[in-house]
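# Understanding the architecture of this molecule
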Amino acid sequence: MAKQYLFLILSLSYLFSPELTAATAASQAGASKKAINFIQSSCKATTYPALCVHSLSIYANDIQTSPKRLAETALAVTLNRAQSTKLFVSRLTRMKGLKKREVEAVKDCVEEINDTVDRLTKSVQELKLCGSAKDQDQFAYHMSNAQTWTSAALTDENTCSDGFSGRVMDGRIKNSVRARIMNVGHETSNALSLINAFAKTY
């Protein structure tokens, strides 16, 4: 019963987290049609366009029609989601009644998601430096770093998910962790696409 209760609390904390609630209830009132159209058009080039529009439309007033702000916002949203997932997975390590393989997989996943957060943070920093680049060489240097860190974060997320493969791992823990990691992975993939698009504008 305690295990089920903690699982329910953690699930609800995610469903009603500020970032998810804001995105779900995102109103485009006040956002210019031009900005919304820009986001929708840009998101078509991503792997998960519907998620892209859903996650970023709320920030249309800040993004306007700037590829730079679009990429920065997508990366910030991804980092926020990764941090939320990190907290969720870390809490699972304290759950009682887990199978030995589940405990090992969760611990490994915590390490991977920690790396994800670290790499996305570095990518955010590199992307900001792109904005202050004095010439094309500086821009290309920082952009390459941002692309590399974001791509590495995506690899970490896939590694975490792979740790729960196999029928022996089937269950609520596997489903819950994989769903969250998949979401972060999709956001990361979209952010990388938008970063790549921004790279072509300089």
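Below is a summary of the structure that appears in this document. (Residues numbered from 1 in each chain as written. Predicted model: local features only at pLDDT ≥ 70, side-chain atom pairs only at ≥ 80, totals over all residues. Heavy atoms only, no water.)

Take the overall build of the protein chain next. For the protein chain, the helix and strand inventory stands at nine helices and zero strands. Secondary structure elements of the protein chain, listed N to C terminal, follow the sequence α-α-α-α-α-α-α-α-α. Looking at the protein chain residue by residue over its 202 residues, the buried ones come to 45%. Sequence separation of at least 24 residues holds for 76% of the intrachain contacts in the protein chain that already meet a minimum separation of 6. (Helix = DSSP H or I, 4+ residues; strand = E, 2+ residues; numbered from the N terminus. Buried < 20%, exposed > 50% of the residue type's maximum accessible area, 1.4 Å probe, protein only. Contact = heavy atoms within 4.5 Å.)

Along helix α3 (residues 33-43), the residues that are buried comprise A35, I36, F38, I39, S42 and C43. Axial view of α3: buried residues confined to an arc of 160°, hence all on one face. In α3, those exposed residues whose orientation departs by more than 90 degrees from the buried face are K33 and K34. Buried positions along α3 lie against α4 (49-56), α5 (60-63), α6 (67-92) and α9 (172-199). (Arc of directions from axis to C-beta.)

This next bit is on the packing of aromatic side chains. For the structure on display, the rule yields two aromatic pairs. Measuring from ring centre to ring centre gives 5.5 Å for F139 and F198, while their planes differ by 85°; the resulting arrangement is edge-to-face. Remark: F198 occurs in helix α9 and F139 occurs in helix α8 (residues 136-162); sequence separation between them is 59 residues. Like F198, F139 is buried. (Phe/Tyr/Trp six-rings, centres within 6.5 Å; stacked < 30°, edge-to-face > 60°.)

On to the state of the cysteines. Under the definition given, this model contains two disulfides. Bridging C43 to C52, the disulfide has an S-S length of 2.0 Å. Here the S-S torsion is close to -65°, and the disulfide linking C43 with C52 is therefore left-handed. Of the residues examined, C52 reaches a relative accessible area of 2% and is grouped as buried. Shown here is the disulfide that connects C109 with C160, its sulfur atoms set 1.7 Å apart. Residues C109 and C160 share a disulfide whose torsion about the S-S bond is about -70°; that sign makes it left-handed. Within this pair, whereas C109 is found in helix α7 (residues 100-131), its partner C160 is found in helix α8, the two being separated by 51 residues in sequence. Shown here for the protein chain is a disulfide pattern of 1-2, 3-4, where each number marks a bonded cysteine counted in sequence order. (Disulfide = S-S within 2.5 Å.)

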